[in-house]
Amino acid sequence: MKYIKTEKLEELAQNHKLDTTLVIWGVGEPTGEIITWLNNNGYGPNIKMVVDNFKYKFYKEYREIPVIEPDKLLNLESGTYTILMALEDCVCVGGGYLGSLERMEFLKYTMCGTYLE
């Protein structure tokens with residue numbers, strides 16, 4: 001895979017972090033790789049939505065998975081979701097739109113991008 005480290009996903013699987021409902025943050029090439037890996041390893045049914053702060057305006061679905069705006073995350077039940085970050089550029093992490101989610105302490109962020117060592 002070009003954009004993600006499968007070791008990160010394997011580690012999440014071993015720690016049962018992928019057994020919950022999954023939300024993928026970001027529409028792009030890493031998203032496709034994460035979805036492919038999850039499908040190939042039996043976690044595909046756990047993917048419920050893709051969140052993107054900009055592309056939700058253009059995409060209603062990505063690989064048949066609904067694309068929603070970040071504000072919709074406020075409707076999630078506390079402690080029931082794991083968010084997989086599918087961002088190509090680590091500059092986005094800690095940017096304004098992620099910083100605005102700090103008030104949602106119940107969400108667990110898991111980084112899957114290649115920029116993580």
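Residues numbered from 1 in each chain as written. Predicted model: local features only at pLDDT ≥ 70, side-chain atom pairs only at ≥ 80, totals over all residues. Heavy atoms only, no water.

Each helix and strand counted, the protein chain has 3 helices and 6 strands in total. Of all 117 residues assigned to the protein chain, the portion counted as buried reaches 44%. Residue pairs at least 24 apart in sequence account for 73% of intrachain contacts in the protein chain once pairs closer than 6 positions are excluded. (Helix = DSSP H or I, 4+ residues; strand = E, 2+ residues; numbered from the N terminus. Buried < 20%, exposed > 50% of the residue type's maximum accessible area, 1.4 Å probe, protein only. Contact = heavy atoms within 4.5 Å.)

The next thing to look at is helix α2 (residues 29–40). In this model, α2 (12 residues) spans 17 Å end to end at C-alpha, consistent with the 16 Å of a helix rising 1.5 Å per residue. Those residues of α2 lying buried are Pro30, Thr31, Gly32, Glu33, Ile34, Ile35, Trp37 and Leu38. Against α1 (6–14), β1 (21–25), β2 (47–51), β3 (61–62), β4 (65–68) and β5 (81–85) lie the buried residues of α2. (Expected span 1.5 Å × (residues − 1).)

Another point: the confidence of the model for the protein chain. Per-chain confidence: the protein chain averages 75 in pLDDT, with 74% of residues scoring 70 or above. β4 holds the highest mean pLDDT among the elements of the protein chain, 94, whereas helix α3 (residues 96–99) holds the lowest, 46. (pLDDT = per-residue confidence, 0-100.)

What follows is about the environment of Lys48. In this structure, Lys48 sits in strand β2. Looking at Lys48, the relative accessible area reads 38%, which means it is partly exposed. Measuring from C-alpha to C-alpha, the distance between Lys48 and Pro66 comes to 7.3 Å, with 18 residues separating the pair along the chain. Look past the residues within four positions of Lys48 in its chain and what remains in contact with it is Thr21, Leu22, Ile65 and Pro66. Within the local environment of Lys48, its side chain forms a polar contact with the backbone oxygen of Pro45, the two atoms lying 2.9 Å apart. (Polar contact = N/O pair within 3.5 Å; in protein donor to acceptor, adjacent residues only side chain to side chain.)

Of all hydrophobic cores here, the largest spans 21 residues; its most connected members are Leu18, Ile24, Ile34, Trp37, Leu38, Ile47 and Leu84. For this core, the secondary structure elements donating two or more residues are α1, β1, α2, β2 and β4. Leave out the neighbours within four places in its chain, and Leu38 touches Leu18, Leu22, Ile24, Tyr43, Gly44, Ile47 and Leu84. In this structure, Ile68, Leu73, Leu76 and Tyr81 belong to the second largest nonpolar core, which totals 11 residues. (Core = buried A, V, L, I, M, F, W, Y, C linked by side-chain atoms within 4.5 Å.)

Taken as a whole and assessed by the stated rule, the structure comprises 1 aromatic pair. Note on Trp37 and Tyr43: the rings are 6.2 Å apart at their centroids and 5 degrees apart in plane angle, and the pair reads as stacked. Like Tyr43, Trp37 is buried. (Phe/Tyr/Trp six-rings, centres within 6.5 Å; stacked < 30°, edge-to-face > 60°.)

Bringing the side chain of Thr31 into the picture now. Note that Thr31 resides in helix α2. If sequence neighbours within four positions are ignored, Thr31 has contacts with Ile24, Gly26, Val50, Tyr62 and Ala86.

Here we take up unusual backbone geometry. The phi angle at Arg63 is positive, at roughly 50 degrees, despite the residue not being glycine. Counting through the fold element by element, Arg63 comes out in the loop between β3 and β4. One non-glycine residue, Glu64, adopts positive backbone phi at about 70 degrees. If you trace the backbone, Glu64 turns up in the loop between β3 and β4. Residue class for Glu64 comes out exposed when judged on its relative accessible area of 71%.

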